[in-house]
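Close look at the chain arrangement
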Amino acid sequence: MSIPAIELMTALRSGQSTAPRLTWYGPDSERVELSGRVLDNWVAKTSNLLQDELDAEPGMRLRLDLPAHWKSVILALAAWQLGMEVVFGDAEAELLATADPGPGAAAGGFDAVLAVSLPALAMRWTGELPTGVLDYAAEVRSHGDIFMPHTDPDAERLAVRTSDGTVHAHGALLEAFAAARDTGLRLLVPAADGLEAVLAQSLGTWKADGSVVLVHPDVEVTGKLRAAERISGN
């Protein structure tokens, strides 16, 4: 069964697949640009990692204990493609993705924990990880660029539970959770708005065949940046 997240990834990797879809500006002059095809590859690799290494399946919950960041967006898309539910804050979940994988995270009752290193060029986690915590950066690249689910997702299952407790099913993800956006925008999305808002804005922009420029709170959005990225909405 197809669900909106799968249909969205199909659209992003097909028409104008080499055009930028997600551009990240981070600290220390970081700039990461993902075309539709590359974005789909990252999402497919991450879905395969979740499915093959962490035994993720439709209906399971992934807690994103992460700031708004391009890797957070990848993880959410991967979970949705699998038919999982994405949760935030201190909501209960089977799987955890976190940038702070201390002993408390490892002992938090999760079936599995992913440590997510946020620097753009990080190939692995710096330092030691608690036993049982998987290094996202080190593991994800070895997985395939094409995702084939072991179990068909269900459009009636929950796709997201926001921090205020609002829930949206997979079938309504792009209608109820995604923000409404005009067609073809190159949208500036401040990471300071928080991960939930960034995901809603990004989904709405991609649904309308646009692209996203995600900017870390420490990065000044200058006129030069706007012009260079051809930003047409904010």
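Let me begin by describing the structure that accompanies this report. Per chain, residues are indexed from 1 in the order of the written sequence. Reporting of local features is limited, given that this is a predicted model, to residues whose pLDDT is at least 70; pairs of side-chain atoms are given and counted only at 80 or more, and all residues count toward the totals for whole chains, interfaces and linings. Side-chain measures here rest on the full set of heavy atoms in the structure, leaving out hydrogens and waters.

1. Considering the side chain of histidine 168
Each helix is a run of H or I in the DSSP string that is no shorter than four residues. Each strand is a run of E no shorter than two, and both are numbered from the N terminus. By secondary structure assignment, the location of histidine 168 is in strand 9 (residues 167–169). Residues are treated as being in contact if the distance between any of their heavy atoms lies within 4.5 Å. With near-sequence residues (within four places) excluded, histidine 168 lies in contact with Leu158, Ala159, Val160, Ala176 and Phe177.

2. Some points on helix 3 (residues 70–82)
Here, expected helix span is obtained from the residue count minus one, scaled by 1.5 Å. Over its 13 residues, helix 3 extends 19 Å from the first C-alpha to the last, a length consistent with the 18 Å expected when each residue adds 1.5 Å. Glycine 83 sits one or two residues past helix 3 and shows a positive phi near 90°.

3. Some details on the pattern of salt bridges
Any Lys or Arg side-chain nitrogen located within 4 Å of an Asp or Glu carboxyl oxygen qualifies as a salt bridge. Inspection of every chain in the model, using the stated rule, returns 9 salt bridges. Here glutamate 175 ties to lysine 207 by a salt bridge, and the two come within 3.1 Å at their closest N and O atoms. Residue glutamate 175 is located in helix 6 (residues 173–177), and its partner lysine 207 is located in helix 7 (residues 195–207); the two are separated by 32 residues in the primary sequence. Counted as one network, the salt bridges with shared partners bring together Arg31, Glu33, Arg186 and Glu229.

4. Regarding the sheet that holds strand 2 (residues 30–35)
Sheets are built from strands that pair by backbone hydrogen bonding, the pairs being arranged parallel or antiparallel. Only when DSSP finds a minimum of two bridges between them are two strands counted as paired. The 4 strands are arranged 2-1-11-10 in an open sheet whose pairing can be described as mixed. One side of each edge strand has no neighbouring strand; the edge strands of this open sheet are strand 2 and strand 10 (186–190). Strand after strand, the sheet turns through a mean of 15° between neighbouring axes, direction not considered. Alignment of strand 10 against strand 11 (residues 211–215), held across 5 bridges, turns out to be parallel. Across the sheet, valine 189 pairs through a bridge with leucine 214, a residue of strand 11. Sheet strands touched by helix 7: strand 1 (20–26), strand 10 and strand 11. Its angle to strand 11, the strand with the most contacts, is close to 155°. Axis definition: a line fit to C-alpha positions, over the contact stretch in the case of helices; interaxial angles, taken between N-to-C directions, run 0 to 180 degrees.

5. Considering unusual backbone geometry
Even without being a glycine, serine 29 presents a positive backbone phi close to 60°. Its place among the elements puts serine 29 in the loop between strand 1 and strand 2. Accessibility here uses a 1.4 Å probe with only protein chains present; expressed as a share of the type maximum, an area under 20% marks a residue as buried, one over 50% as exposed, and anything in between as partly exposed. Using a relative accessible area of 73% as the deciding quantity, one classes serine 29 as exposed. Phi is positive for aspartate 55, which is not a glycine, with a value near 60°.

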